[in-house]
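What the coordinates show
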Amino acid sequence: MQFMLLFSRQGKLRLQKWYVPLSDKERKKISRDLVQTILARKPKMCSFLEWRDLKIVYKRYASLYFCCAVEDQDNELITLEIIHRYVELLDKYFGSVCELDIIFNFEKAYFILDEFLLGGEAQETSKKNVLKAIEQADLLQEVRIFLYHQIHLL
Amino acid sequence: MPAPIRLRELIRTIRTARTQAEEREMIQKECAAIRSSFREEDNTYRCRNVAKLLYMHMLGYPAHFGQLECLKLIASQKFTDKRIGYLGAMLLLDERQDVHLLMTNCIKNDLNHSTQYVQGLALCTLGCMGSSEMCRDLAGEVEKLLKTSNSYLRKKAALCAVHVIRKVPELMEMFLPATKNLLSEKNHGVLHTSVVLLTEMCERSPDMLAHFRKNEKLVPQLVRILKNLIMSGYSPEHDVSGISDPFLQVRILRLLRILGRSDDDSSEAMNDILAQVATNTETSKNVGNAILYETVLTIMDIKSESGLRVLAINILGRFLLNNDKNIRYVALTSLLKTVQTDHNAVQRHRSTIVDCLKDLDVSIKRRAMELSFALVNGNNIRGMMKELLYFLDSCDPEFKADCASGVFLAAEKYAPSKRWHIDTIMRVLTTAGSYVRDDSVPNLIQLITNSVEMHAYTVQRLYKALLDDISQQPLVQVASWCIGEYGDLLVSGQCEEEEPIQVTEDEVLDVLEGLLVSNLSTPVTRGYSLTAIMKLSTRFTSVNRIKKVVSIYGSSIDVELQQRAVEYNALFKKYDHMRPALLERMPIMEKSASNGPTEIVQTNGETEPSVEPKHPPPVTQPANQANDLLDLLGGNDVVPVIQTTMPTKPASAGGELLDLLGDLSLSGGPAPAPAPSVPTSQPPFLLDGLSSQPLFNDIAAAAIPPMTAYNKNGLKIDFTFERANPNPNIAVITIHASNSTEADMTDFVFQAAVPKTFQLQLLSPSSNVVPALNQGTVTQVIRVLNPQKQQLRMRIKLTYTLKGSPVQDLAEVNNFPPQSWQ
């Protein structure tokens, strides 16, 4: 996967994860253009399209569009499953997730994504394991444990 | 200083803004607060501030001043700080900035941290945006973690290694030992990421691929894992709609594909499992279809037995009938990939594919169109063409050009009859005429010319099409050309194929003249029309009308039209006896490759010599002019030009020209006796007039750039170059003299002299009047023989009369482009 974008029906970006090195300017341009293209598509159309020289896979869940750009050799149908898995994870975590959850807790949405995908590929195929890892990490945050590195102060 | 507001508070506030301006104001205020907080090196709230900055960055506002702060957060000991810090790094930094290199040390430390979630953060960040330098520095740490027994870290290390290999391919070797027992893991996360890592290695290096095939016996291991996934019972942890870990299954199938490609043994070892997956996978949900799709791709790519291939294509055939358009799309894509190798199998699904042309989705339509063209053959051409033409009628403009080209190609290959072919072309021109590619026009003209028995039918149909619609330029151009050629057949009502129409010469000329004046016609089209009208002067009886039209356009503002008209006029006035021969029917053209125009022109060039004897004798140059030049120049280093005297008797074939050049002596004496008759080629314009190929002029230039040789007192002389076939030592220079003053330059004479090692031949000029205000050019051809490939130099002398007074000038031309004499 090269990048994943989440955006609303008004074209507002809610999450952008880039797995290829591009400047801020380039990212903005790509986001803007791609969002326009997808929003212009009719509801009955295919979830896949060729855009510039990329394969785009997108799906709409309620008011949010989930859009991925994948490589030529990637399987589009399984990418749809990846998107669906991510939505399920968000849903489990937030409890019936809606767009507002992602707006107000965007950093958590990123953390969950980073436990599911790494470098554009799935790192964990078990829903349970992803959620467990997030839970544990959140715990570390809440209890505010001060972490000590392996240097002992005498 | 009060505590900075919380992240959620800020988000809430910003969302209350009613206008863009209001939002911008809030953001600017908050940014200022954050900036001062950063300046104060506030450790407590740095995390909160950076988080807010990230939110504002997502809205599109600049956040670069937070980059260093992210690094400070990463270096902090608090987990919350690290989490936000790494997130910020991934969002705000990219490898183009130097700042990110400062992260390397932090990441190194964190890779060795005692808490696995910190290690995880570091691995994730490195694997997402690590630059080549960072990867080089930290590859060792990643490799270490790849061997750990902690599956949480191992899976992340595997994907991090993938990123390292992508960035620094030379490091691939160092990860090889660690891959030894990756596949014996039970943990699916590790299995999945390991398969991704192995795939990356096999794709990048054929040596690795061979190693994994033979030494590691990867295929049996993968087959075993896949089998377990399919056969094992329900596993709640990995189940998706009744299928166990589809993500892993798909990745394994993809790796099998790479291992089985061009390798018989591997392919055989996986035959059974592929058949099993293909037949047993549940197809009611997208998940199952995703696995089937991957299976089909693998079967088609490895050396599978034919039974398996047929199974795969049938799966695709079933996909085509699926209600889900995503599945149909994927099927069409796959069929397109396999149509070359398994043509017959795909043919069986032709009707379903053709139905997809009517689909509402653009991507599906495009795929279906490409696939349809791939399936056209001699047997199904009539039926397929009907469908494709119907598609052409109704499709979106973005498809029309490609579809039209496809139709032409298919028609050319498989046309069952000439009439069918021409009908098909007519249909395309009338329905999608404006989208047809430029090179189609000459190709079609060639096709029509060669279908001799269809001339009457073709011209009749084209004429009728013109009556309906003159807006589609390719159609109009082809039609004008045909009417010009076959107008006699049109008015004589000779059509066999269909009911002949009754049309008079005047009606035909009305239509052609209509094209000339219409706003819809492009200059190129007008050129076609004028030439067509001219040709009809030998086929129709109403010559006077044609003469009138031609003379009117002699003063057209369009230089091309004007030139043509002037020359046609000359044809009427001075060389009327030449006219029938010049304008006679075009011969059958050589069948050319895609370089249609070039070939046609060359053929014309070859047939020209037979017509040359009828070329009008140009103005003869008095012999003593050579003497004048010598006197003028004095020095011995320049040889006078030998000007040809025009023959009054018929010329012979073009080959003698070269002989002549060989015969010319280089003595400094006065003008030589007239050499054996030289068939001079008229300046290109007449050829242009005959062939009506607007591209002809472009061919002449080839690769040598034109130059301006002289530009003074309103007289400008440009040189254009081409190489003469077959002798590459001869450069053919065409001079173009134009006059930007208000009065004509009459009695214009151009003379040239070259150094001793060259030989020069000056052919007759097109005229000796250079019209005022750049309304036309005088052209003249110079042939320069340069056997020693020396640098070309030339002295030119110009004489003309302007407003009654004679003008004379000498000039040196030294700025010849190197390509003209090398």
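These lines cover the structure that appears in this document, whether it is placed above or below. (Residues numbered from 1 in each chain as written. Chains lettered and ligands numbered in written order. Predicted model: local features only at pLDDT ≥ 70, side-chain atom pairs only at ≥ 80, totals over all residues. Heavy atoms only, no water.)

Moving on: the overall build of chain A. Check the secondary structure of chain A and you find 5 helices and 7 strands. For chain A, the succession of helices and strands along the chain, N to C, is β-β-α-β-β-β-α-α-α-β-β-α. Counting across all 154 residues of chain A, residues that qualify as buried make up 60%. Excluding contacts between residues fewer than 6 apart, the proportion of contacts in chain A whose partners are at least 24 apart in sequence is 47%. As presented, chain A carries roughly 7200 Å² of accessible surface, and 53% of it is formed by carbon and sulfur atoms. (Helix = DSSP H or I, 4+ residues; strand = E, 2+ residues; numbered from the N terminus. Buried < 20%, exposed > 50% of the residue type's maximum accessible area, 1.4 Å probe, protein only. Contact = heavy atoms within 4.5 Å. Areas by Shrake-Rupley, 256 points an atom, 1.4 Å probe, with all protein chains shown as cover.)

Let us look at the packing of aromatic side chains. A complete count under the given rule lists 13 aromatic pairs over all chains for this structure. Between Phe391(B) and Phe399(B), the aromatic rings sit 5.9 Å apart at their centres with planes inclined by 50°, giving tilted as the arrangement. Its relative accessible area of 4% is what places Phe391(B) among the buried residues. With a relative accessible area of 0%, Phe399(B) lands in the buried category. Each ring, one from Trp481(B) and one from Tyr486(B), has its centre 6.3 Å from the other, and the planes form 80°; the classification is edge-to-face. Each member of the pair, Trp481(B) together with Tyr486(B), is buried. Of the aromatic side chains, those joined through ring pairs into one cluster are Tyr61(A), Phe66(A) and Tyr86(A). If you follow Arg35(B) out to its NZ or CZ, it ends over the ring of Phe65(B), 4.1 Å from the centre. Positioned above the aromatic ring of Phe111(A) is the side chain of Arg83(B), whose terminal nitrogen or guanidinium carbon lies 4.1 Å from the ring centre. (Phe/Tyr/Trp six-rings, centres within 6.5 Å; stacked < 30°, edge-to-face > 60°. Lys NZ or Arg CZ within 6 Å of the ring centre and 35° of its normal.)

The final tally for this structure, using the stated rule, is 12 cavities of 30 Å³ or more. Lining of the largest cavity is provided by 17 residues; of these, Asp74(A), Ile78(A), Ile82(A), Glu121(A) and Arg251(B) occupy positions nearest its centre. Only helix 2 (76-94) and strand 7 (121-122) of chain A together with helix 13 (246-260) of chain B provide two or more residues apiece to the lining of the largest cavity. The element that contributes the greatest number of residues to the lining of the largest cavity is helix 13 of chain B, accounting for 4 residues. Considered class by class, the residues forming the lining of the largest cavity number 8 nonpolar, 4 polar and 5 charged. Counting residues per element, the ones that place at least two in the lining of the second largest cavity are helix 4 (106-116) and helix 5 (127-142) of chain A together with helix 5 (79-92), helix 7 (116-129) and helix 9 (151-167) of chain B. Ranked by residues supplied to the lining of the second largest cavity, first place goes to helix 7 of chain B with 5 residues. Of the residues in the lining of the second largest cavity, the class split is 10 nonpolar, 2 polar and 4 charged. (1 Å grid on protein atoms, 1.4 Å probe; cavity = no way out; pocket = protein on both sides within 12 Å on 5 of 7 lines; lining within 4 Å. Points joined across faces, edges and corners; volume = space filled by probe spheres on them. Nonpolar A, V, L, I, M, F, W, Y, C, P; charged D, E, K, R; others polar.)

Further remarks concern helix 28 (residues 523-535) of chain B. Residues and elements named next belong to chain B. When the terminal C-alpha atoms of helix 28 are compared, their 19 Å separation across 13 residues agrees well with the 18 Å that a helix rising 1.5 Å per residue should span. Most of helix 28 is tucked away, with 11 of its 13 residues classed as buried. Listing the buried residues of helix 28 in full gives Thr525, Arg526, Gly527, Tyr528, Ser529, Leu530, Thr531, Ala532, Ile533, Met534 and Lys535. (Expected span 1.5 Å × (residues − 1).)

The next point concerns the sheet that holds strand 3 (residues 48-51) of chain A. By way of backbone hydrogen bonds, the strands of a sheet pair with one another, either parallel or antiparallel. Residues and elements named next belong to chain A. Spatially, the 5 strands line up as an open sheet ordered 2-1-5-4-3, and their pairing is antiparallel. On the outer flanks of this sheet lie strand 2 (13-18) and strand 3, each paired with one strand and no other. Shown here is a sheet whose adjacent strand axes are inclined to one another by a mean of 20°, direction ignored. (Pairing = 2+ DSSP bridges. Axes fitted to C-alpha atoms, helices over the stretch in contact; angles between N-to-C directions.)

Turning our eyes to something else, we now look at the interface of chain A and chain B. If you look at the interface, chain A gives 68 residues, while chain B gives 74 residues. Buried surface at the junction of chain A and chain B, summed over both partners, amounts to about 6400 Å²; 56% is from carbon and sulfur atoms. Our count for the contact surface shared by chain A and chain B stands at 10 salt bridges. The partner of Asp74(A) in a salt bridge is Arg254(B), and the shortest N-O contact between them spans 2.9 Å. At the boundary of chain A with chain B, the tally comes to 26 residue pairs in polar contact (both at pLDDT 80 or more). Those elements giving two or more residues to the side of chain A that touches chain B turn out to be strand 2, helix 1 (24-39), strand 3, helix 2, helix 3 (99-104), helix 4, strand 7 and helix 5 of chain A. Ranked by the residues each element gives to the side of chain A that touches chain B, the list is headed by helix 5 of chain A, at 10 residues. Looking at side-chain class alone, the side of chain A that touches chain B contains 29 nonpolar, 15 polar and 24 charged residues. (Buried area = accessible area lost by both parts, 1.4 Å probe. Salt bridge = Lys/Arg side-chain N within 4 Å of Asp/Glu carboxyl O. Polar contact = N/O pair within 3.5 Å; in protein donor to acceptor, adjacent residues only side chain to side chain.)

Any two packed helices are characterised by how steeply their axes cross, that is the angle between the axes, and by the distance between the axes. Residues and elements named next belong to chain B. In contact at an axis separation of 11 Å, helix 15 (residues 286-301) and helix 17 (residues 325-338) are set at 0° when each is read in the N-to-C sense. Looking at the two axes, helix 15 sits roughly parallel to helix 17. Residues Asn286, Asn289, Tyr293, Leu297 and Met300 of helix 15 form the contact with helix 17, whose own contacting residues are Ile327, Val330, Ser334, Lys337 and Thr338. Partitioned by chemical class, the residues of the contact of helix 15 with helix 17 number 5 nonpolar, 4 polar and 1 charged. (Parallel < 35°, antiparallel > 145°, perpendicular 65-115°, else oblique.)

Take the packing of helix 1 (residues 7-15) of chain B against helix 3 (residues 46-58) of chain B next. Residue and element names in this part refer to chain B. In the contact formed by helix 1 and helix 3, the axes pass within 9 Å of each other and the chain directions differ by 30°. Considering their axes alone, helix 1 and helix 3 lie roughly parallel with respect to each other. As helix 1 packs across helix 3, the resulting crossing turns out to be right-handed. Counted together, Leu7, Leu10, Ile11, Ile14 and Arg15 of helix 1 and Arg48, Ala51, Lys52, Tyr55 and Met56 of helix 3 form the full contact between these two elements. Partitioning the contact of helix 1 with helix 3 into residue classes produces 7 nonpolar, no polar and 3 charged. (Left-handed = near helix turned anticlockwise from the far one by under 90°.)

This next bit is on the side chain of Gln562(B). All names here are of chain B. Mapped onto the elements of the fold, Gln562 is located in helix 30 (residues 559-573). By relative accessible area, which is 9% here, Gln562 ends up buried. Here the side chain of Gln562 touches Ser556 through a polar contact of 3.0 Å, landing on its backbone oxygen. In contact with Gln562, not counting residues within four places along its chain, are Tyr553, Gly554, Ser555, Ser556, Gln775 and Gly776.

In this section: a negative patch on the surface. Taken together, the side chains of Asp264(B), Asp265(B), Glu268(B), Asp272(B) and Glu305(B) present a region of like negative charge at the surface. Position of Glu268(B) relative to the elements: it lies in helix 14 (residues 264-280). (Patch = residues over 30% accessible without salt bridge, like charges linked within 9 Å, V, L, I, M, F, W, Y side chains within 5 Å. Lys, Arg positive; Asp, Glu negative; His and termini not counted. Charge placed at Lys NZ, Arg CZ, Asp CG, Glu CD.)

Mapped onto the fold, Phe116(A) is located in helix 4. Taking the C-alpha atoms as reference points, Phe116(A) and Arg85(A), separated by 31 residues in sequence, lie 9.0 Å from one another.

With that settled, consider the pattern of salt bridges. The final tally for this structure, using the stated rule, is 54 salt bridges over all chains. Across the pair Glu143(B) and Lys147(B) runs a salt bridge, and its minimum N-O distance is 3.0 Å. Between Asp506(B) and Arg545(B) there is a salt bridge, with its nearest N and O atoms 2.7 Å apart. One end of the pair, Asp506(B), is in helix 27 (residues 505-517); the other, Arg545(B), is in helix 29 (residues 543-552), with 39 residues separating them in the sequence. One salt-bridge network, held together by shared partners, links Glu121(A), Arg166(B), Glu200(B), Arg204(B) and Arg251(B).

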